[in-house]
Amino acid sequence: MASLPPYSDGVSLNLDELLYYQQHAVKWLPPAKSLWSQLLGQHQSRQLGRGMDFAEVRQYQPGDDIRAIDWRVTARTGKPHTKLFTEERERPVVLYLDLSASMLFGSTLTLKSVLMAHLASLISWLAVAQQDRIGAVIDTGTELIEVKPTARRRGPLTIIQKLIEVHQRQLAMPQPATAQSMAHAMHTLNRLCPKGSEIVFISDFVRFSDEHNVQLSRLKQHNRIRFVHVSDPLETGQTHFRGVEQVSNHKQTQWLDFSSRKTRTEIENAFQHKLQGLQNMALKLGISYSALTSSQQLLKQISG
């Protein structure tokens, strides 16, 4: 059996369990491993630390790096031109944090929402350690809570406090039969995020559909987007339970026989179909995609 994360009961959220990730952010700072390369299943990052931003093109001068020659401009003008770069500036990081009804579920170790909050805390502390501003949009399915990008400790602490408050409220109140589309959050992100932001979606993407591609494409024009897909083993048909259980999505109710291999396979096939569509869309739009499971501690999944 996997053990619970430190200070966590797997269901509720508290300050200690989210502050715990502050001490771990240093592990992912340059020249250490990249958090994102670990999430993508790689063990070393080829881009350690900050990169370089394009600044301008000017006529080639002796001593310029020939690897930076802009061949398009050179061909157009008939004279060699080279690209100039400046050190990458502060990149605001904005988290999309899904706290809708489907995220308040877990069949083994933690709720998906708890794992999401742990990753949000880690990314927040990592962002401010790299002197970036950190903000968030928390989506409950019925309302959006905005946290504007803020520098230093105030950013992570504000996000953590909001997560604890909203998560507790979501657990205590009955969940609505229907939830808003993710399109509302994408419009908000478009307004909230300065150009050049890094936008990280942490969600199970249950409410995501093809109709959101237009908003995503608009966001992608001026920002870097990452998807972190959070799932639970039961969603893929993996469970030791072999009884019959009544399940409902607030629209229809049915009995599922988990002792039947056919039932478990149908559940897995439905999940894989949805997953394949999400991955194909991310690939088409050039969006980084990675996955986490609520059946393991966060740090065990990303520590290679």
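Structural notes, computed from the coordinates. Each chain has its residues counted from 1, following the order in which its sequence is written. Predicted model: local features are reported for residues with pLDDT of at least 70 only, side-chain atom pairs are reported and counted for 80 or more only, and whole-chain, interface and lining totals are derived from all residues. Hydrogens and water molecules were not included; the side-chain quantities draw on all heavy atoms of the structure.

1. Side note on the pairing of strand E5 (residues 144-150)
And then number 1: Examined bridge by bridge, strand E4 (residues 134-139) and E5 share five bridges and lie antiparallel to one another. Counted as the bridge partner of Ala136 is Val147 from E5.
And then number 2: Hairpin connection between E4 and E5: a loop of four residues separates the two successive antiparallel strands, and Gly141 in this loop has a positive phi of roughly 95 degrees. Any two strands are treated as partners once DSSP identifies two or more bridges connecting them. Runs of E in the DSSP output that reach at least two residues are strands. Runs of H or I that reach at least four are helices, and both are numbered from the N terminus.

2. Observations regarding the sheet that holds strand E7 (residues 224-231)
And then number 1: Taken in spatial order, the six strands make up an open sheet running E5-E4-E3-E6-E7-E10, and their pairing is mixed. Taken across any chain shown, the strands that pair with only one partner, and hence form the sheet edges, are E5 and strand E10 (288-293). Across the sheet, the axes of successive neighbouring strands diverge by a mean angle of 15 degrees, strand direction being ignored.
And then number 2: Bridge analysis of strand E6 (residues 198-203) against E7 gives six bridges, and the strand direction is parallel. Bridge pairing in E7 links Ile199 to Ile225. For helices, the fitted axis covers only the stretch in contact; all axes are lines through C-alpha atoms, and the angles between them, taken along N-to-C directions, range from 0 to 180 degrees.

3. Topic: helix H6 (residues 183-192)
And then number 1: Each residue's exposure class comes from its accessible area (1.4 Å probe, protein chains only) as a fraction of the maximum for that residue type: buried when under 20%, exposed when over 50%, partly exposed otherwise. Those residues of H6 not exposed but buried are Ala183, Ala185, Met186, Thr188, Leu189 and Leu192.
And then number 2: Working rule for contacts: check all heavy atoms of both residues, and any pair within 4.5 Å makes them a contact. Residues of H6 that are buried in the fold lie against strand E3 (93-98), E4, E5, E6 and helix H7 (213-222).

4. Let's talk about helix H4 (residues 112-129)
And then number 1: The first and last C-alpha atoms of H4 sit 26 Å apart over 18 residues, in line with the 26 Å expected at 1.5 Å per residue.
And then number 2: Buried residues dominate H4, accounting for 17 of its 18 residues.
And then number 3: Directly beyond the C-terminal end of H4, a positive phi value near 65 degrees is found at Gln131. In this scheme, a helix's expected span is set at 1.5 Å multiplied by one less than its residue total.

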